[in-house]
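Listed below are the residues making up each chain.
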Amino acid sequence: MGFYDDLRHVEKRKQRVPGVGRLIMTSITSAVIGGMVVLLMLPTLSNSGYIKMVEPSSTNVMSNPAANLFAQPVSVSVETGTVKAVEKAENAVVGIINIGRARTNWFNSTEDVELGQGSGVIFQKKDGKARIITNYHVIDQAQKLEVALPSGDKVEAKVLGYDIFNDLAVLEIDGSKVLTVAELGDSSTLRVGEPAIAIGNPLGMKFSRTVTQGIISSLERSMPMDLDGDGQDDWELDVLQTDAAINPGNSGGALINIQGQVIGINTLKISKSGIEGLGFALPINDVKKIVNELVEKGKLERAYLGVTPYDLTNVPRYNWKETLNLPDDVVAGVVIRNEVGKFSPAGEAGLRQYDVIVKMDNKEIANGAQLRKFLTLNKKPGDSVEITYYRDGFKKTATVKLTKNPQQ
């Protein structure tokens, strides 16, 4: 390349420089004008809500980026169905304190001692008095009973009535300090899987009105009960099963639904190693029937048959054939163990010792607990019942007119 060629190359480069400069100047001018427009419009945007002006402060992220690392306190309103249900029912649940007499080491004297604590549900307030449902085993052997109210006040209670077999009792207290009465629901409408909330005093008043939640696990459970410790079941208690935590002291407390209605009275828990979530409550529909009679009469008037039942399954199999002469297809029933009184209802109908009862009103009866339960729930004094039984291998029937229990 010669000298003139180099000179022409330099001239071309000089000609391109002014074009680049003009481009840069144009960009800068546009940016300045755009910024001024934004500054002029900023108050209008702020007032319209598109931009929120932030004053510099210690909590401003721009002035203090570290402030964003820590969550600020937040107030949240929790209004779940469970919370509302508990708020509706919890102040109707009270503590029951069982007080008895015991000898002291000093001068062999006696004094009041606390035998145990449980729970109860205020279900009625009438004529200045409040009435409470609880379990019989909560008040068993009490010389005196105290009720601990949600306010912290303690008032003395008297027993209006009780039934050992159904494990129920009704107490009455002065109602002047009672502010909440439970709403009793309908246990016949319950479904397996629906929420169930237990309220009570597990382990005593230290944990008063503790709330636990679970579901209805089963509607059809029957729990055999040996009340006299002779190894033979005396009663079958119909209960609801729930996995809501129920512990000692919860007995007599409320099992409620999501509407805050009482659907059961907590009564039992299976407590064995490796077993969890097996709690039981008396269905409120059964409770209502019994409680009304306890309030009116102080006890349940049971129809009287006049026999001492003994479970066939507790009789040695050898005697099924040799003594009772039962056919092979009879595998359960109730043996009349006692000498039947001539003027008792059973005696007047012709029943005898060692007859084996298998049905009552055509309903199969497998044991003594079922016999008592059938008479209690289905019959009253003065009613009649048809009994199917076996004697010397022959199937027979008899109609018995039931009376009032002479021991009541």
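Residues numbered from 1 in each chain as written. Predicted model: local features only at pLDDT ≥ 70, side-chain atom pairs only at ≥ 80, totals over all residues. Heavy atoms only, no water.

What about the overall build of the protein?
Our working rule: The way it works is that DSSP assigns letters per residue, a run of H or I at least four long becomes a helix, a run of E at least two long becomes a strand, and they are numbered from the N terminus. Throughout this description, buried means an accessible area under 20% of the type-specific maximum (1.4 Å probe, protein chains only), exposed means over 50%, and partly exposed covers the range between. By definition in these notes, contact holds between two residues if any of their heavy atoms fall within 4.5 Å. Method for areas: the Shrake-Rupley scheme with a 1.4 Å probe, in which residue coverage is limited to the protein chains shown.
Helix and strand counts for the protein come out as 7 helices and 20 strands. Per-residue burial for the protein yields a buried fraction of 38% across its 408 residues. A separation of at least 24 residues holds for 61% of the contacts in the protein among residues at least 6 apart in sequence. Surface exposure of the protein reaches about 23900 Å², of which carbon and sulfur atoms provide 52%.

Some points on a nonpolar patch on the surface
Filter applied, for reference: Like-charged residues are merged into a patch within 9 Å and nonpolar side chains (Val, Leu, Ile, Met, Phe, Trp, Tyr) within 5 Å, provided each residue has over 30% relative accessible area and no salt bridge. What counts as a salt bridge is simple: a side-chain nitrogen of Lys or Arg found within 4 Å of a carboxyl oxygen of Asp or Glu.
A contiguous nonpolar patch, built from Val159, Tyr162, Ile164 and Leu227 and spanning about 320 Å² of accessible area, is present on the exposed surface. Here Val159 shows up in strand E5 (residues 154–163). Relative accessible area serves as the criterion here: at 38%, Val159 is assigned to the partly exposed category.

What about the environment of Thr242?
To keep it simple, the criterion reads: Whenever two N or O atoms come within 3.5 Å, that pair is a polar contact, provided that in protein one can donate a hydrogen and the other can accept it, and provided that, for residues adjacent in sequence, both atoms are side-chain atoms.
Assignment of secondary structure puts Thr242 in strand E9 (residues 235–242). Considered as a pair, Thr242 and Gly277 are 35 residues apart in the sequence and their alpha carbons are 7.0 Å apart. Discounting residues that sit within four places of it in the chain, Thr242 has contacts with Ala196, Ile215, Ser217, Leu255, Gly277, Leu278 and Gly279. There is a polar contact of 2.8 Å between the side chain of Thr242 and the backbone oxygen of Ile215.

Some points on the packing of aromatic side chains
Under the convention used in this document: Only rings of Phe, Tyr and Trp enter the pairing, Trp through its six-membered ring, and a pair is recorded when the two centres are within 6.5 Å. The plane angle decides the type: under 30 degrees is stacked, over 60 is edge-to-face, the rest tilted. Lysine NZ or arginine CZ positioned within 6 Å of the ring centre and within 35 degrees of the ring normal marks a charge as sitting over the ring.
Following the criterion strictly, the structure yields 2 aromatic pairs and no others. Ring geometry for Phe165 versus Trp235: centroids 5.4 Å apart, planes at 50 degrees, classification tilted. Placement of Phe165 in the loop between E5 and strand E6 (168–174) and of Trp235 in strand E9 is noted, with a sequence separation of 70 residues between them. Taking relative accessible area as the criterion, Trp235 reaches 1% and is therefore assigned buried. Here the guanidinium or amino end of Arg302 rests over the ring plane of Trp235, the centre of that ring lying 5.5 Å away. The lysine or arginine in question, Arg317, covers the ring of Trp320, its NZ or CZ lying 4.0 Å from the ring centre.

Some words on unusual backbone geometry
A positive phi angle, near 50 degrees, is found at Arg209, a position not held by glycine. Examined against the element boundaries, Arg209 turns out to sit in the loop between strand E7 (195–200) and strand E8 (210–225). For Arg209, a relative accessible area of 23% translates into the label partly exposed. The phi dihedral of Asn325 is positive, around 55 degrees, even though this residue is not glycine.

Examining the sheet that holds E5
The pairing of strands in a sheet comes from backbone hydrogen bonds and takes either a parallel or an antiparallel form. For the record, the criterion: Being paired, for any two strands, means DSSP has found at least two bridges between them. Working convention: axes come from line fits to C-alpha atoms, limited for helices to the stretch in contact. Angles between N-to-C directions cover 0 to 180 degrees.
A barrel is described by the order of its strands in space; here 6 strands give the closed sequence E1-E2-E3-E6-E5-E4, paired in antiparallel fashion. The sheet shows a mean angle of 40 degrees between the axes of neighbouring strands, direction not considered. Judged from the 11 bridges that link them, strand E1 (residues 93–103) and strand E2 (residues 110–126) form a sheet pairing that is antiparallel. Within E2, the position partnered with Val94 by the bridge is Gly120. Sheet strands touched by helix H4 (residues 284–297): E2, strand E3 (129–134), E5 and E6. Its angle to E6, the strand with the most contacts, is close to 55 degrees.

Some details on the pairing of E3
Along E3, 5 of the 6 residues are buried, which leaves the element largely enclosed by surrounding structure. Two elements, E2 and E3, share 5 bridges in a ladder whose sense is antiparallel. In the strand pairing of E3, Ile122 is matched with Ile132. In this antiparallel pair of consecutive strands, E2 and E3, the connection spans 2 residues, and Asp127 shows a positive phi of 50 degrees. Pairing geometry for E3 and E6, over 6 bridges, is antiparallel. Bridge pairing in E6 places Ile133 opposite Val170.

Some words on the confidence of the model for the protein
What counts here: The quantity called pLDDT is the predictor's confidence in a given residue, expressed from 0 to 100.
Scored by pLDDT, the protein has a mean of 83; 77% of the residues are at 70 or more. For the protein, per-element mean pLDDT is lowest for helix H1 (residues 3–48), which scores 48, and highest for E3, which scores 98. Scored below 50 in pLDDT, residues 1–18 shows 1 contact in the model against residues more than four places distant or in partner chains. Predicted confidence is poor over residues 48–63, with pLDDT under 50, and the contacts of this stretch with residues over four places away or in other chains come to 13 contacts.

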